[in-house]
Amino acid sequence: MAELACLTSRAGGAKEILPALEYLAHELSTLPLDMASLAGLAGKDLVVIDATRDLSRAQALCRTLRAADGGGAILVVMPEAGLAGLQPDWGASDFVLPGAGPAEVEARVRLLTTRQETAEPDAAIRVGELVVDPVSYQVRLRGRPLDLTYKEFELLRFLAARPGRVSTRGQLLQEVWGYDFFGGTRTVDVHVRRLRAKFGPEYESMIATIRGVGYKLVAADQARAEREAESAEAGTAPAR
């Protein structure tokens, strides 16, 4: 199941511009068709952009998103009458007509999201100032090499490959330690603590705890922004 975000100005949201999405099992969120929404796209497998009404705005969003996210998958929903305006410089990964059926839309989503995961399996993974190299098994944080054990590296690599996305403890245990591992999820917590210690006080918050769920890895500046937002919210919260 992929995580999809749709940018649209329609009141009915994503399922109004592409009704077939209603029949698919993917996680789907809807955001306004404007630049401010780009900040909420971290960790999404696929961004769906509504070009059924405002071609110029859709084009600007595609270009900005491509410049910011490089290889991220972008699916443009466009009526047949507007296809002449869809050019390579948009940076879109693919397009689909609004009337496309569930089977076609599912195939496009699957191909786009799978392509993102498998295109460069040996490429270094970058999350802000963190670089994870799966070929040399080296990790650098702001240029400083980190001395990690094999399991610490594998855990970090899995989190880094899904920046901004929450992974449950059970999922991490399964992916990093395997189905035949008999230890409990506390093993994950112990390894996360060790990774944070090696990151150091300035960067340990890059591995964020999602209470009752698991962990996610974010860039250092995003981690600081989230901490500041939480502090501000706590400071303005009414006393109970």
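Scroll up for the structure.
Residues numbered from 1 in each chain as written. Predicted model: local features only at pLDDT ≥ 70, side-chain atom pairs only at ≥ 80, totals over all residues. Heavy atoms only, no water.

To continue, consider the overall build of the protein chain. The helix and strand inventory of the protein chain stands at seven helices and 12 strands. Its C-alpha atoms give the protein chain principal-axis dimensions of about 55 × 50 × 35 Å. In the protein chain, which comprises 240 residues, the share counted as buried stands at 40%. For the protein chain, the share of sequence-separated contacts (at least 6 apart) that also reach a separation of at least 24 residues comes to 53%. For the protein chain, the computed accessible surface area is about 13100 Å², with 52% contributed by carbon and sulfur atoms. (Helix = DSSP H or I, 4+ residues; strand = E, 2+ residues; numbered from the N terminus. Buried < 20%, exposed > 50% of the residue type's maximum accessible area, 1.4 Å probe, protein only. Contact = heavy atoms within 4.5 Å. Areas by Shrake-Rupley, 256 points an atom, 1.4 Å probe, with all protein chains shown as cover.)

Before going further, it helps to examine the layout of surface pockets. Roughly 210 Å³ of volume is contained in the second largest pocket. Where the lining of the second largest pocket is concerned, the elements lending two or more residues are strand 11 (207–210) and helix 7 (220–236). Counted by class, the lining of the second largest pocket contains four nonpolar, two polar and six charged residues. (1 Å grid on protein atoms, 1.4 Å probe; cavity = no way out; pocket = protein on both sides within 12 Å on 5 of 7 lines; lining within 4 Å. Points joined across faces, edges and corners; volume = space filled by probe spheres on them. Nonpolar A, V, L, I, M, F, W, Y, C, P; charged D, E, K, R; others polar.)

The subject of this paragraph is helix 4 (residues 150–160). Counting buried positions along helix 4 gives eight out of 11 residues, so the element sits mostly inside the fold. Along helix 4, the residues classified as buried are E152, F153, E154, L155, L156, F158, L159 and A160.

Further remarks concern the sheet that holds strand 11. Overall, antiparallel pairing links the three strands, which are arranged 10-12-11 in an open sheet. Each end of this open sheet is capped by a strand with a single partner; those strands are strand 10 (167–168) and strand 11. The sheet contact formed by strand 10 and strand 12 (residues 214–217) spans two bridges and is antiparallel. What sits directly across from T168, in strand 12, is G214. The strands touched by helix 4 are strand 10, strand 11 and strand 12; relative to strand 12, the strand with the most contacts, the crossing angle is about 70°. (Pairing = 2+ DSSP bridges. Axes fitted to C-alpha atoms, helices over the stretch in contact; angles between N-to-C directions.)

Turning next to the pattern of salt bridges. Per the counting criterion, the structure on display carries 14 salt bridges. The partner of R10 in a salt bridge is D50, and the shortest N-O contact between them spans 3.8 Å. Placement of R10 in the loop between strand 1 (3–7) and helix 1 (14–17) and of D50 in strand 3 (residues 46–50) is noted, with a sequence separation of 40 residues between them. Look at R10 and you get buried, because its relative accessible area is 19%. Sharing partners across several salt bridges, the network here consists of E3, D45 and R165. (Salt bridge = Lys/Arg side-chain N within 4 Å of Asp/Glu carboxyl O.)

A separate point is the pairing of strand 11. Here strand 11 runs beside strand 12; their pairing, made up of four bridges, is antiparallel. Bridged to I210 within strand 12 is G214.

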